Amino acid sequence: MRTLRALVAAALLCLVPAVSAHAAADVTYDFEDGTTQGWGPRGGGVSVAVTTDAAHGGTGSLLTTGRTATWHGASISAPFVRGVGYTVTAYARLVSGLPSSTIALTVQRTPTGGDTTYERVAAATVTDGGWVRLSGNYLFTAESAGVQLYAESSDATSDFYLDDIVITPLGDPTREPISSDFEDGTAQDWTPRAAAALEPSTAAAHAGSRALAVSGRSASWDGPALNVLGRMAKGDKYALSVWVRLGPDTASGRLGLSIERRSGGTTSYERVVSPKDVPAGEWVRLSGTYTLAYDVDFLSLYVESDSGTFPFYLDDFSMTYVQPKPIQTDIPALKDKVPFVMGSAFTRPDTLGVHGELLARHFNGVTPGNELKWDATEPREGEFTFTDGDYLVDFATRHGMKIRGHTLAWHSQTPDWVFQNAGKELLLKRLETHVRTLVTRYKGKIAAWDVVNEVIDENQPDGLRRSKWYEIAGLDFIRTAFRVAHEADPDAKLFINDYNTEFPRKREALYALVKRLKDEGVPIDGVGHQLHLNIEHPPASSVEATIERFATLGVDQQVTELDVSIYTDFVSSYDTIPPELLVQQGHRYKELFDVFRRQAAKLSSVTVWGESDDVSWLRSWPIPRLNAPLLFDDELQAKAAYWGVVDPSRLAPLARRLAAPAGTPKVDGKRDLEWDLLPDSPVARVGDVSAGFQARSSAKGLYLLAEVTDPTVGKDDRVTFTVDGTPYVVGRGGGPSGGATGGQHGGKAAVRPTATGYRVEALVGTGTDVNVTVHDSSGEAVWNGKVTPAPAVKLTSAAHRTPALDGVVDRAWSAAPEIRTGTWIQGTSGATAKVRSLWNGSTLYVLAQVADPALSEESPNPWEQDSVEIFVDPGNGKTKGYEDDDGQYRVSFSGRVTVGGTFDAGGVKDHVKAAAKTVPGGYVVEAAIDLPTITLAPGTLLGFDVQVNDATGTARTSAVTWNDSTGRAYLDTSHWGVLRLARG
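Given the structure is predicted, the values throughout are model-derived calculations rather than measurements.

Draft legend 1. Structural context of the overall build of the chain. Summing up its helical and strand segments, the chain has 12 helices and 55 strands in all. Its C-alpha atoms give the chain principal-axis dimensions of roughly 110 × 70 × 70 Å. Counting the 984 residues in the chain, one finds 53% classified as buried. Long-range contacts, defined as pairs at least 24 residues apart, comprise 71% of the intrachain contacts of the chain with a sequence gap of at least 6. In the form shown here, the chain has an accessible surface area of approximately 39100 Å², with 49% of it arising from carbon and sulfur atoms. For the chain, the distance from the average position of its 94 positive side-chain charges to the average position of its 120 negative side-chain charges is 6 Å.

Draft legend 2. Spatial organisation of the environment of T720. Tracing the sequence through the fold places T720 in strand β36 (residues 718-723). Expressed as a C-alpha distance, the spacing of T720 and K424, which sit 296 residues apart in the sequence, is 63 Å. Ignoring anything within four residues of it in the chain, the contact list for T720 reads P727, Y728, V729, N771, V772, T773 and H775. Polar side-chain contacts of T720 include one of 2.9 Å to the side chain of H775.

Draft legend 3. Main features of the side chain of R109. Mapped onto the secondary structure, R109 falls in strand β7 (residues 101-111). R109 gets classed as buried once you look at its relative accessible area, which sits at 8%. Among the polar contacts listed, one links the side chain of R109 to the side chain of Y138, at a separation of 3.1 Å. Separated by 2.8 Å, the side chains of R109 and S144 make a polar contact. Discounting residues that sit within four places of it in the chain, R109 has contacts with D115, T116, T117, E119, Y138, F140, A142, S144, A145, G146 and V147.

Draft legend 4. Quick look at the pattern of salt bridges. This structure, assessed with the given rule, holds 52 salt bridges. For R109, the salt bridge goes to E119, with nearest N and O atoms at 2.9 Å. Residue R109 is located in strand β7, and its partner E119 is located in strand β8 (residues 117-126); the two are separated by 10 residues in the primary sequence. Given a relative accessible area of 22%, E119 falls into the partly exposed group. For R696, the salt bridge identified is with E674, shortest N-O distance 3.0 Å. Separated by 22 residues along the polypeptide, R696 in strand β34 (residues 689-698) and E674 in helix α12 (residues 673-676) bring together distant segments of the chain. In this structure R696 comes out as buried when scored by relative accessible area, which is 1%. One network of salt bridges, in which partners are shared, links K424, D476, R479, R516 and E520.

Draft legend 5. The arrangement of helix α7 (residues 476-488) in detail. End to end, α7 covers 18 Å across 13 residues, agreeing with the expected 18 Å (1.5 Å per residue, within 8%). Considered for burial, the residues of α7 that qualify are F477, I478, T480, A481, F482, V484, A485 and A488. Packed against the buried residues of α7 are β25 (402-410), α5 (424-441), β26 (448-453), α6 (468-473), β27 (493-498) and α8 (504-520).

Draft legend 6. Spatial organisation of the sheet that holds β8. On the basis of which strands lie adjacent, the open sheet formed by 5 strands has the order β2-β5-β10-β7-β8 and antiparallel pairing. The sheet terminates laterally at β2 (40-42) and β8, the two strands that pair on one side only. Across this sheet, the average inter-strand angle for adjacent strands is 25°, counted without regard to direction. Two elements, β7 and strand β10 (residues 144-153), share 8 bridges in a ladder whose sense is antiparallel.

Draft legend 7. Structural detail: the side chain of R231. Along the chain, R231 turns up in the loop between β16 (224-227) and β17 (237-246). Buried within the structure, R231 lacks any salt-bridge partner; E176 is the closest side chain of opposite charge, at an N-O distance of 5.8 Å. Looking at R231, its side chain comes within polar contact range of the main-chain oxygen of E176, at 3.1 Å. Those residues in contact with R231, other than ones at most four positions away along the chain, are T87, N137, L170, P173, T174, E176, P177, I178, Y238 and M319.

Draft legend 8. Unusual backbone geometry, seen in detail. The linkage connecting H537 with the following residue, P538, adopts the cis geometry, with an omega of -5°. At Q37, a residue that is not glycine, the phi angle is positive and equals roughly 55°. Here Q37 shows up in the loop between β1 (27-29) and β2. For Q37, a relative accessible area of 4% corresponds to the buried category. In the Ramachandran plot, K878 falls in the positive-phi region, its phi being about 50° despite a non-glycine side chain. With respect to the helices, strands and loops of the structure, K878 is situated in the loop between β48 (867-873) and β49 (887-892). According to the relative accessible area criterion, K878 is buried, its value standing at 10%.

Draft legend 9. Molecular detail of the nonpolar core. Ranked by internal contacts, the top residues of the largest apolar core, which has 100 residues, are W449, V452, F477, L562, F593, F596 and L631. Among the elements that make up this core, the one with the highest residue count is α7 (7 residues). Those residues in contact with F596 that lie beyond four places of it in its chain are F340, L531, V543, I547, V559, L562, L603 and V606. By size, the runner-up hydrophobic cluster in this structure holds 36 residues, among which are L240, V244, V284 and L286.

Draft legend 10. Inspection of helix α4 (residues 387-398) at higher detail. Over its 12 residues, α4 extends 17 Å from the first C-alpha to the last, a length consistent with the 16 Å expected when each residue adds 1.5 Å. Those residues of α4 lying buried are G389, L392, V393, F395 and A396. The buried residues of α4 occupy an angular sector of 160° when projected down its axis, which confines them to one face. Residues of α4 that are exposed and point more than 90 degrees away from the buried face comprise T387 and R398. Where α4 ends, the next residue or the one after it, G400, has phi of about 65°, a positive value.

Draft legend 11. Molecular detail of the packing of α5 against α7. Where α5 meets α7, the closest approach of the two axes is 9 Å, and the angle between their N-to-C directions is 30°. Classed by the angle they form, the pair α5 and α7 counts as roughly parallel. The two elements α5 and α7 meet at a crossing, and its hand is right-handed. Contacts from K424, L428, L431, E432, V435, R436, V439 and T440 in α5 reach D476, F477, T480, A481, R483, V484, A485, E487 and A488 in α7.

Conventions adopted
- Residues numbered from 1 in each chain as written.
- Predicted model: local features only at pLDDT ≥ 70, side-chain atom pairs only at ≥ 80, totals over all residues.
- Heavy atoms only, no water.
- Helix = DSSP H or I, 4+ residues; strand = E, 2+ residues; numbered from the N terminus.
- Buried < 20%, exposed > 50% of the residue type's maximum accessible area, 1.4 Å probe, protein only.
- Contact = heavy atoms within 4.5 Å.
- Areas by Shrake-Rupley, 256 points an atom, 1.4 Å probe, with all protein chains shown as cover.
- Lys, Arg positive; Asp, Glu negative; His and termini not counted.
- Charge placed at Lys NZ, Arg CZ, Asp CG, Glu CD.
- Polar contact = N/O pair within 3.5 Å; in protein donor to acceptor, adjacent residues only side chain to side chain.
- Salt bridge = Lys/Arg side-chain N within 4 Å of Asp/Glu carboxyl O.
- Expected span 1.5 Å × (residues − 1).
- Pairing = 2+ DSSP bridges.
- Axes fitted to C-alpha atoms, helices over the stretch in contact; angles between N-to-C directions.
- Core = buried A, V, L, I, M, F, W, Y, C linked by side-chain atoms within 4.5 Å.
- Arc of directions from axis to C-beta.
- Parallel < 35°, antiparallel > 145°, perpendicular 65-115°, else oblique.
- Left-handed = near helix turned anticlockwise from the far one by under 90°.

Rendered as structure tokens:
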């Protein structure tokens, strides 16, 4: 029965717009009382009547006949309240014998002072063969008269039935969840963006028995879309989730979730979830959050692929409003606790609601993340758009924040038109126009500009990135950008900005460029260091060395894009971040801000790349994954990272972990080869004192090494090793004391001075809980954690020879010692190899003689083919991820070469040549690997390992290495062996 009578519906029309979420009950028209329940004819000659000839539920329905125009049908004075959203559903069916047509539910209303409008609520193709569900959402906000809901048909003369019409008030529709499970056999309001066909299907389902099948797509962006206009409020955050699966006969594909919005005729697209790999036969969840930051007149979310038009399924969609937590007002503001400008990257959503409150409370500097880049400000030549840029600059100005402009010239996010048909003269003219326009517009408002961004490529002979800018204009594009920016605003500070400046090769390449340009008189005021770091690497000392290096040029310096990933590689992913990693991250931030405070005289600003984890770019780069790299969490609450900056005493203790490989170095204060096989674990600097620490395990006890940096000799200088509670104190003058003679093992120690301090070696008792404290009058530097025994690091050598690279074992190889793969990481038997190494000039040569009687390259994945993988770390850094010159070089039995390394292997992919030949019982691989980032010489130590993959058909059935037993050699260099270059 009808649940609200016409009197109540009319009364609702008189209510003010402010209605609570459940201000009224559903309005249902089921026609079971034999009346039309207020529905009447629309159009001359039209008749509406209740009939028992057909019914969706119960025994009666509403029959509409006598139509002669498409807009003819059945209508009712709609029980809609301005400012309240509704879900409207109905069921329709054609009278028997009529061809299919589209039946729609439409609203007619006349806004005060405006023209009558007609707004589609829902539509579907309807036949005479069964009932079809129509469903949609409706909301109007302008004061209006004559609000009617009516049903119409694309066929001007079709007679049709309506039944079970339900109008559900949502109260505040922006707080009500949306879900789609397709279990009712309909598309549940999802519609195609173009030619795609959407069909509920039982062929696959994530849960229940149905999903929505998507086929017939015309482009990568074509597919299912859901209208969410009126269901999201500006400034509010929403959690979105949908499960996707590839369609029939689709072996691979990537799918993501996006938003289309329109404002005043301008269409924009935003990624909610970047396209993710969807393995065949598996359901994959796309989930993310979205904050609406704009006034819109169209808002739709949709699933798309990054390429291709393959079919797919979607199921179990949900969109829910995320209730924000209030920001913490009882904790110190970051900006009050540091001696420099404390900045954050930000976008329009970050200025709204609690995000805006957090930004204003903690930061006194900001950097627009994308809104001032070329593609955002001049998408077409001469057509400048500053809507978002102006908004952000105005926000910062109102809040007294210093603004960094990012960025005027960059190889990325620059429209193609900039380089089209451009010689040097035209390109520089376009650059000058762009730079002058932006800097002039914001003169006196933007305090500093990243004039050029990421122009260094340390793998090039001259250290310069081969961008289109450089290829066309050489260094003149940099000179021009700085000159014009200075002319446009002489008071703005002008920066050159880059990433990885904490690594020595990148540091020196940028240093040389800045020095050259300053010597030429180019108006460079400062250097920006991005510092996208992780919780392990590089050490804070490398950051400090970079700041001190550029200080010699007399330039200002700023940290421009700081974040600290919880991952040390580009592949791993957590569903839930282990709490201990967040503690480790807090200590990492503490070490970094110790550096920044020490260097504050040379550092004017530190900017984190986002105010809170939920807005971090590292949620989608280099792969979509859960990451938490910033100071505040997803709910804008202070993390351990925040306390690492503001008050490190609030941090939980950090227990580090260190492997102690088997070894027996001589305790004489000299640094012998045994210690050089691994890098020292850093003991963070306090005052002027820092150290590096290592351990070796043996039956005699623990061998410990401390390399202390302490330029000033003092009477309090000493190192205390505490093992399982027993302290061993070694003074800078030498000799153990204070407990060194206690326990089963007496202490033994030796000390030697070094160019920067002193070195301590000690043999102490066995144990696993180790504390290393370096004492000095200025403070104590401490390492604390677990030290566990591990197998010895394997060492081999490479002879100084040059072989012929032809897959034939020539005489040159006889000079090199042979090693064998015997560490099984998959299986316990299979293909193995005898391996030798040579070197000459800048090239490392590797020979692998593989025993493998059955060879296969059937798998499309190279690591599942019969192959040899050679791992080389030129710096022997033993890091938990790859640095840009660390390489994984794979050669199949047929000579096919594939290369791995950092996320794109850009620094190593062109540095290998190989030859392979099959021989009775197996195959031979010879590889020549160029190592241009270091100077090869006798005694050089390289991180090194070899892995043999054994394939049967399309599967890898075993894998064996020389040293690394973790199975993570493709991600992590820390467990590789060591190769030493010999003289002969």
